[in-house]
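The primary structure of each chain is shown beneath.
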Amino acid sequence: MEHKHIYDEQGRQLCCTLEDKINNQTALLADATLTSIQDGNRKEHNHEQDHDHDHEHAHQAGQSIRFFLPAIISGALLLLVLGLDHVITTTWFQGWIRLAGYTAAYLPVGFPVVREAFVSIRKGNIFSEFFLMTLATIGAFAIGEYPEAVAVMLFYAVGEIFQTLAVSRAKASIKSLLDQRPDEVMVLVDAQARTMKASAVEPGAIVQLRAGEQLALDGILLSETGFFNTAALTGESKPDRKAKDDTVLAGMINLDQTVEVKVTAGFSNTKLSRILQLVQEATTQKAPTELFIRKFARIYTPIVVLLAVLLCLLPYFFVADYIFREWLYKALVFLVISCPCALVISIPLGYFGGIGAAGKQGILFKGGQFLDRMAGIEHVVMDKTGTITEGIFEVQEVVFKPGYDQQDILAMISALESHSTHPVARAIQQFAGRLPAEISVKEAREISGHGLTGRVQDKVLLVGNFKLMDQFGIIYDTEPGQLVYTTIAVAYDDRYIGYITIADRIKPDARLCVDRLTALSVKTTILSGDKASVVKEVAATLGVAEAFGDLLPEDKVDKVKAIKATGESVCFIGDGINDAPVIAVSDVGMAMGGLGSDAAIETADVVIQDDKPGKIPLAINISKQTKKVVWQNIALAFGVKIMVLALGAGGIATMWEAVFADVGVALLAILNAVRLQHITFK
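Note that residues are indexed from 1 along each chain, following the sequence as it is written. Given that this is a predicted model, residues contribute local features only at a pLDDT of at least 70 and side-chain atom pairs are listed and counted only at 80 or more, while totals for whole chains, interfaces and linings are drawn from all residues. To obtain the side-chain values, all non-hydrogen atoms of the structure were included, while hydrogens and water were left out.

Quick look at the overall build of the protein chain now. When you go through the protein chain residue by residue, the secondary structure sums to 21 helices and 24 strands. Across the 682 residues in the protein chain, those meeting the buried criterion constitute 52%. Any two residues whose heavy atoms approach within 4.5 Å at even a single point are treated as in contact. Residue pairs at least 24 apart in sequence account for 67% of intrachain contacts in the protein chain once pairs closer than 6 positions are excluded. Accessible area of the protein chain: about 31000 Å², with a carbon and sulfur share of 57%. Counting from the N terminus, the helices are DSSP H or I runs at least four residues long and the strands are E runs at least two residues long. In this scheme, a residue with accessible area under 20% of its type's maximum is buried, one over 50% is exposed, and one in between is partly exposed, where area comes from a 1.4 Å probe on protein chains only. For the accessible areas, the method is Shrake-Rupley and the probe is 1.4 Å, while residue cover comes only from the protein chains on display.

Only centres within 6.5 Å qualify two rings of Phe, Tyr or Trp (six-membered ring in Trp) as a pair; their planes then separate them into stacked at under 30 degrees, edge-to-face at over 60, and tilted for everything else. What the rule picks out here adds up to eight aromatic pairs. On the numbers, 5.5 Å between centres and 85° between planes, the contact of Tyr-316 with Tyr-322 is edge-to-face. Residue Tyr-316 is classed as exposed on the basis of its relative accessible area of 54%. Classification of Tyr-322 by relative accessible area gives buried; the value is 19%. Aromatic ring contacts, followed pair by pair, group Tyr-102, Tyr-106, Phe-141 and Tyr-146 into a single cluster. Over a ring means this: the NZ of a Lys or the CZ of an Arg is within 6 Å of the ring centre and within 35 degrees of the ring normal. Above the plane of the ring of Trp-327 lies Lys-330, whose end atom (NZ or CZ) is 3.7 Å from the centre.

Like-charged residues within 9 Å of one another, or nonpolar side chains (Val, Leu, Ile, Met, Phe, Trp, Tyr) within 5 Å, are grouped into patches, provided each residue has over 30% relative accessible area and no salt bridge. Criterion for a salt bridge: a side-chain nitrogen of Lys or Arg within 4 Å of a carboxyl oxygen of Asp or Glu. Judged by side-chain polarity, Ile-299, Ile-303, Leu-306, Leu-307, Leu-310, Leu-314, Tyr-316, Phe-317 and Phe-318 come together as a nonpolar surface patch covering roughly 990 Å² of accessible area. Relative to the elements of secondary structure, Leu-314 occurs in the loop between helix H8 (288-313) and helix H9 (324-338).

This part takes up the sheet that holds strand E12 (residues 363-365). When DSSP finds two or more bridges between a pair of strands, those strands are recorded as paired. Strands sit in the order E12-E24-E23-E22-E13-E20-E21 across an open sheet of seven strands; the sheet is mixed. Of all strands in the sheet, those with a lone pairing partner are E12 and strand E21 (546-548), marking the two edges. Along the sheet, successive strands turn relative to each other by an average axial angle of 20°, direction set aside. Note: strand E22 (residues 570-574) against strand E23 (residues 588-592), four bridges, orientation parallel. Bridge assignment links Ile-573 to a residue of E23, and that residue is Met-590. In this analysis, axes come from line fits to C-alpha atoms, helices being fitted only over the stretch in contact, and the angle between any two N-to-C directions falls in the range 0 to 180 degrees.

Most of strand E19 (residues 495-506) is tucked away: nine of the 12 residues are buried. As judged from the eight bridges shared by strand E14 (residues 389-400) and E19, these two strands associate in the antiparallel manner. Paired with Val-398 across the strands is Ile-500, a residue of E19. Pairing of strand E18 (residues 486-492) with E19 involves seven bridges; the strand directions are antiparallel.

Moving on, we come to the environment of Asp-458. Mapped onto the elements of the fold, Asp-458 is located in the loop between strand E16 (451-456) and strand E17 (459-464). For Asp-458, a relative accessible area of 57% translates into the label exposed. Along the chain, Asp-458 and Asp-493 lie 35 residues apart, while their C-alpha atoms are 9.1 Å from each other.

To continue, consider the pairing of strand E3 (residues 184-189). Where E3 lies against strand E4 (residues 192-197), six bridges are found, and the strand directions are antiparallel. Bridging across to E4, Leu-188 finds its partner in Ala-193. Where E3 folds back on E4, the antiparallel hairpin that results is connected by two residues, among which Asp-190 adopts a positive phi of roughly 55°. Two strands pair when backbone bridges link them, and E3 and strand E5 (residues 206-209) are joined in this way by three bridges, in the antiparallel orientation. Within the sheet, the bridge partner assigned to Met-186 lies in E5 and is Gln-208.

Before going further, it helps to spend a moment on the side chain of Asp-605. Mapped onto the fold, Asp-605 is located in the loop between helix H19 (598-603) and strand E24 (606-608). Nearest to the buried, unbridged Asp-605 among oppositely charged side chains is Arg-373, at 4.5 Å. Those residues in contact with Asp-605 that lie beyond four places of it in its chain are Leu-364, Phe-365, Lys-366, Phe-370, Arg-373, Asp-587, Val-588 and Gly-589. This count recognises Lys and Arg as positive and Asp and Glu as negative, with His and chain-terminal groups excluded.

Keep in mind that these numbers describe shape and distance, not what the molecule does.
Here it is as structure tokens:
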């Protein structure tokens, strides 16, 4: 997408139409994300770069002074000429000298706007914001209302300054989420650490990360333990302990001793890279309210100019004591009041503020339209495993028949399970502890969807579900349907000897999530492919009324479609590749982005970067607050303008009231939108 940027000599961004103004606000943030992605955070702490950093700050300070200088000069000159005009009694400050004084105060802030009005006219865009301001202020000069003309341009310039500062703050909020990965990494080659460009490192390489350094690539931790700051991905700086073979992601900062990481993804394919791309795309996605304002801006300005002309000329035919100067002044007041600055500035800024506020909490909205949709969600449907449970299985119960030593049997089972990478196998191994050295397994074989078989101490050991028992003709006296959790049956030497139950651990904030959704009057449902009894047990623990298990991906889609058919807006939250279809059909699709599948993250409209279900009601709350601020600004802008327009048409409101109705309301709307970035969402 090509964005048109026009700047005045002070560096303030100008644009030719009201639609361009909206587009350029978006461009500011889109360009910021792109620049941040390209530049990264190239920090090396040496004297030369510290000097460059200080020089850059000095340069930025100079730019800031130049940015404010026109408004400062204009304001000082306006105060001076007002003093000469109304306070100090002078005979010489009359006629052309008085005109020259006010013109001098007008030019620093008025000339750039007048120039852009002519530029836009040459390009065929006659009815621009700059045309409105130019027409109103030159008309005010023509009828001798010099102070009002200067004040209109001065306050307009101040409004532009506040606008730019507000957008910069929103831009900085979003940039804080962006790429700060180092350019170079230390790669171990033949046991020697060598510096390489991060973009050149291939998967499989071993990276050495020292304390205080930031990881540039996704990988698996090879060291026994490590402590990491995960703020770049989750929005939280609380240290996260990682153990050997745990996944570590680009953007994490090593807080402890030197660790080694095996790279699993190239520089451009890391999870953080995908998040950066999503952030960049989010700033270009328009909410329905923004799209309405764009269409509104195309027809609004010509109508305003036509109404102003009619307000000036039509009374000639209906008013007996018609005075052209008085009705021209009313028309000029009408023009100033009618400038839709508050709308075209504050509405996009409101959505940027919402996206930035959510980003600080580790929640990524892919566009303003999803803030709108999320605010109206009535029903949240959640997957179980990996969404409200941790996806980490734990042994719940071990039941063996009398005469079998539990420790001996567990040791044999653990030895057999060491031949599998299934999460259930890892849970049993962790529960059983260290294996005795004398136990060996022969002829180990994994039967897909059933379990494991092998010879231990020259006897056949079967570990799996009851289908495995049926397959080998093992007679068992346990009723599988009466057991709530996932059950692992065990047979040894052709005899059924008992079972082990396995359950997934519920996330600590899952109950809080459900309680807060209930407080927001949002219904909750759990859908899962897991065993129905397990799903219902989890639902009962969390206080969820509806829960369905034993579902295939297409069954989840059907359930969500059935809820939507009742007229309720649905948000589905999942993390697996099998959740991508149901995420796509829901009104708002949400993915757990920490360890969620790429398919789910790409399909989702909202991504929770730290996998915490407590962020679900938080996302809804932020959306509601954002929509509230946007509509407050719309009501404020239209309400004040309509009131002052009525007063202006009746001759009661002057140019000073018009300035407040235009720039004053714009400033209030901007401050209201910026407030989103400071709200603490609980």
